[in-house]
Structures are given as structure tokens and as C-alpha cells.
Amino acid sequence: MTYVYPRESLSAFSGHLAPAYKSSIKRAPRQPLVIMPHTLSELTGPVYGHNDVQPGDNDLTKQHEGEPLGERILVHGRVLDEDGRPVADTLVELWQANAAGRYTCVVDQHAAPLDPNFTGAGRAVTDADGHYEFLTIKPGAYPWANHENAWRPAHIHFSLFGHSFMSRLVTQMYFPNDPLIPFDPVYDSVPPESRARMISSFDMHATVPNWALAYRFDIVLRGREQTPLDND
Amino acid sequence: MAGITPSQTVGPFFAPALTPGKDYPWHQPIANDLITPDASGQRIRIEGRVLDSDGAPVNDAMIEIWQADAAGRYAHPADQQRPNAKFTGFGRAGTDAEGRYSFSTIKPGAVAGPDGKQQAPHILVAVFSRGLPRHAYTRIYFADEAGNAGDPILALVPADRRPTLIARRQEKNGAPQIYVFDIRLQGDNETVFFDV
């Protein structure tokens, strides 16, 4: 299968510079990007699959002796290409704060407790239908230094590969009806018409009775199957 | 379709999951040593720093690389040649307190390019960091490759900015050969980034 990666699809992304997100001011490239064709180098990319995932990697609640504190949630969805076709056997990496809004990363100095039973890292591979699933706990909101009394809405980070180096995606999943979302410059870095794609939906059907609530997050990666009309 | 899912910054807290090394209790098969025992070709090391507009080190960047093997073959179904080794050609490294990163790998071979032209040996690079709402794409070329002069992608880059894409050979005895490739996100001698 040959894929093409229309440049126009990237209109869903922020530019490199998003001034309200202060960290971008000294880091975002300012020179014009050099437009280039997609060569074999761009049209290929790493292939990770079932051999790279161990049983239990997608259950963040069972990585330690005890159970993490917090509200258990199932996070699941499908990874699709731009034609709406499933992206099968692709690696999905995930990381997040604990229920108190604290990451295990040593650079996180937020005065909230670490949870000895929670690392906040997971990994899954999509099935033939593009479906992935994680069991985790709902992350907490946390303050950050971007502006006065800035708080990040609760979110889960995702990293995906897809069909080539051009479909590589790192994004964040948000929760529906979070009152902090309208105040978040990271969420707002994305063009308005595309922002809602980052918000998961509550999925009553997928909840596990007496065990866990569920949220659904479908992810669309760059890439369309090449048709005879595509001729670049 | 309703469009692709937007990119978001990798943020400052990815290390425990994406680049745990020995510091965090998470097994991560993706790392900065790409060399497999069965891979043929010249062993090299790529070293560099990631710097911001002030020339200050970016100590929380993540660099990913993608490359062909020594014979110019990609470990991917779209390349009909396919490598004959376990060499995947993909690596990931976090930067340290001084903004340094490094990769141990194999020097890639030349790869087919557009219009039947060869591309000089090169490595694709994706730069992720706090402050970058989307990752930035660049390429590493090698200072000692004669093919750079005819490379169709380098030819698209204004001549005065091309040096930012060329890794310099560190002249010192011993193996592996070290190539130095600094990434200046912004400011003087800003690295060339591509719109792909």
C-alpha cells in the first residue's frame, strides 16, 4: 500500500510559534520552513508492533505492588488514517500525571504527592481494526508557570507512529466538560476548528461495571492511500 | 474525513515514558543506540546540542532519527530493497542538562531521490520539546560526502543556510567516527527546518 501525505492536512496543527504559550517564544523556529518533496526517506518510517509490547503494558494500574489512588478509567479508541481506514499494528505510547496532578518526572516540582504505585507510562499496539485500549487512573490538573494562576486541564499525552515518519504524532487528550480547557494556551495553540478533536468523549457503553469509567479517543493520523489521481 | 488530530507539545515530563534510560522503572525498546550486532557498515556516533534563541541549552528536548542502513535500504515495506539485518534505523534520545544528545548508529548509504536523482547519505530528524506545539523536521548530512553537492533536497536550501544541515567530522583518533550536529531552534544560524 502506498500512502501520500497532503500538506494541506497540516492546517489542523499549530504553527511552531504560539506566543501565548510562553515557552515557544525562544524555541520556535522563526526562519521560513523549506518546502520539500516527500522522498523515500519521508515515505518510510519505523515499524513497531506486537513484538515491542509486553502483556500488561497497557494497564497502568498494575505496574507496582499496590494499586494507584484515583478514579480508574478505561481509555480506548481507534487509530485511523485520513481516509478513515484503521491503522493496524501500530505502537501507541502514553504518559500522564497521577490523580494528584504530579508526574514521576524529576523535573516536576508541583507540591502534590507522588504515588508510589503509579509511574504513568503505558504502551499498546492497535489491533486489525485500529483499536487500542488502556486502563489507567484519571490524571489531575496541575499549576504551571505560563501566566498568573495558570492550570493545565487534566490531560493524557499520546505518541503515535502510523505508516511513515510523516504520520508521527505527539498529542494530548483532554476530558469532556473540563472547565480549565478555555483557559489553556497549549490547547489554544491549535487552530479553533481543530481543537475539539483533542477532547475525548465519555463512553458509558465501555464502562466496566463496579470497576471503571470509560473515555473514547479516536486519533486520525496523516496519510491517505494513493489513488491513480495522485500523481506527485 | 473530519481532519487529522492536532499535534501538541511533548511538554517537559515525557522522560519516564519515552526516554527512561536507567532513571525510571519503565522498559523502553526505543533508545539512542541503533546498532545491532548483525548490521554491516561504518559505526558512527552523532553528538550535538539543542540550543534556544539565546544559545542556552534546551535540557528537555527529545530527538528522534530515521535513516537507511549502510546500503541505503529502509526497514519499511515501502522500500522494496529491505535490509538484511535487524537494524531498524530509528532512534530516540533526550537531551541532558547541557542540552546534549547522542546516537550510536551506522552511517547511512545514499538513497533514491526525486526524478531519478540520488540523495546523499542523510538522516531524518524530528525535534520535540516543551515550547514546540508541533515537532520540527530537519536532516543531518555528513561533511565528508561528495554527494552533498548534487543532493536534490540540499539544493532547495539557500546556500548560506546549508551548513546548518551538515554534521562536521570530529577529527580525533579512534573509532567510532564522531559527527557533530548542533540544533539551533531559533536565532543566529537557526537550523534549517523543513515543511513536509
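A. Quick look at the overall build of chain A. Looking only at helices and strands, one finds 3 helices and 14 strands in chain A. In summary, chain A has a C-alpha radius of gyration of 19 Å against a globular reference of 17 Å for 232 residues, a match within 12%. Over its C-alpha atoms, taken along the principal directions, chain A stretches across nearly 55 × 40 × 30 Å. Looking at chain A as a whole, 45% of its 232 residues are labelled buried. Pairs at least 24 residues apart make up 72% of the contacts formed inside chain A by residues separated by at least 6 positions.

B. Geometry of the overall build of chain B. Scanning chain B from N- to C-terminus turns up 1 helix and 12 strands. Taken from N to C terminus, the helices and strands of chain B fall in the order α-β-β-β-β-β-β-β-β-β-β-β-β. Across the 196 residues of chain B, 50% fall into the buried class. Within chain B, counting contacts between residues at least 6 apart in sequence, those at least 24 apart form 70% of the total.

C. Broad picture of the interface of chain A and chain B. Contacts between the two partners involve 64 residues from chain A, matched on the other side by 62 residues from chain B. Elements with a contribution of two residues or more to the side of chain A that touches chain B: β2 (34–35), α1 (40–43), β4 (91–96), β9 (155–160), β10 (169–174) and β13 (219–220) of chain A. The sheet contact formed by β2 of chain A and strand β12 (residues 194–195) of chain B spans 2 bridges and is parallel. Looking at β12 of chain B, one finds that Val 34 of chain A is bridged to Phe 194 of chain B.

D. Layout of the sheet that holds β4 of chain A. Residues and elements named next belong to chain A. Taken together, the 4 strands give an open sheet; going across it, the order is β5-β4-β9-β10, and neighbouring strands pair in antiparallel fashion. At either margin of the open sheet sits one strand with a lone partner, and together these are β5 (121–125) and β10. Neighbour-to-neighbour, the strand axes of this sheet turn through a mean angle of 25°, independent of strand direction. Both β9 and β10 contribute to a ladder of 6 bridges, which runs antiparallel. Within β10, the residue paired with Leu 160 across the bridge is Leu 169.

E. Quick look at the environment of Pro 179 of chain A. Residue and element names in this part refer to chain A. Relative to the helices and strands, Pro 179 is located in the loop between β10 and α2 (185–188). Residue classification places Pro 179 among the exposed positions, given that 9 C-beta atoms sit within 10 Å. Spatially, the C-alpha atom of Pro 179 lies 29 Å from that of Lys 26, the residues being 153 residues apart in sequence.

F. Fine view of the environment of Lys 22 of chain B. Within the fold, Lys 22 of chain B resides in the loop between α1 (15–18) and β1 (43–51). Through-space distance from the C-alpha of Lys 22 of chain B to that of Thr 164 of chain B is 32 Å; in sequence the pair is 142 residues apart.

G. Spatial organisation of unusual backbone geometry. Omega for the bond connecting Ala 175 of chain B with Pro 176 of chain B falls within 30 degrees of zero, at -5°, which places this linkage in the cis form. Inspection of the secondary structure puts Pro 176 of chain B in the loop between β9 (166–170) and β10 (177–180). One non-glycine residue, Asn 149 of chain A, lies in the positive phi region at around 55°. Mapped onto the fold, Asn 149 of chain A is located in the loop between β7 (142–144) and β8 (150–152). C-beta crowding within 10 Å serves as the criterion here: with 6 such atoms nearby, Asn 149 of chain A is assigned to the exposed category. Phi at Asn 177 of chain A takes a positive value of approximately 65°, unusual for a residue other than glycine.

H. A look at the pairing of β9 of chain A. Extensive coverage of β9 of chain A is indicated by the burial of 6 of its 6 residues. Burial along β9 of chain A is two-sided: His 155, His 157 and Ser 159 of chain A and Ile 156, Phe 158 and Leu 160 of chain A, pointing in opposite directions, are all buried.

I. Spotlight on the confidence of the model for chain B. Mean pLDDT over chain B works out to 95, with 99% of the residues at or above the 70 mark. Listed scores for the predicted complex are pTM 0.97 and ipTM 0.96.

J. How the structure looks around the pairing of β5 of chain A. Residues and elements named next belong to chain A. Across the 5 residues that make up β5, a large majority, 4, are buried. Relative to β5, β4 runs antiparallel, the two being bridged by 5 bridges. From the neighbouring strand, Leu 94 faces β5, where its bridge partner is Gly 122.

K. The arrangement of the environment of Pro 191 of chain A in detail. Residue and element names in this part refer to chain A. Structurally, Pro 191 can be placed in the loop between α2 and α3 (192–195). The sequence separation of Pro 191 and Ser 11 amounts to 180 residues, and the corresponding C-alpha distance is 7.8 Å. Dropping the residues within four chain positions of it, Pro 191 is found in contact with Ser 11 and Ala 12.

Criteria and cut-off values
- Residues numbered from 1 in each chain as written.
- Chains lettered and ligands numbered in written order.
- Predicted model: local features only at pLDDT ≥ 70, side-chain atom pairs only at ≥ 80, totals over all residues.
- Helix = DSSP H or I, 4+ residues; strand = E, 2+ residues; numbered from the N terminus.
- Rg over C-alpha atoms; globule rule 2.2 N^0.38 Å.
- Buried ≥ 20, exposed ≤ 12 C-beta atoms within 10 Å, placed from the backbone.
- Contact = placed C-beta atoms within 7 Å.
- Pairing = 2+ DSSP bridges.
- Axes fitted to C-alpha atoms, helices over the stretch in contact; angles between N-to-C directions.
- pLDDT = per-residue confidence, 0-100.

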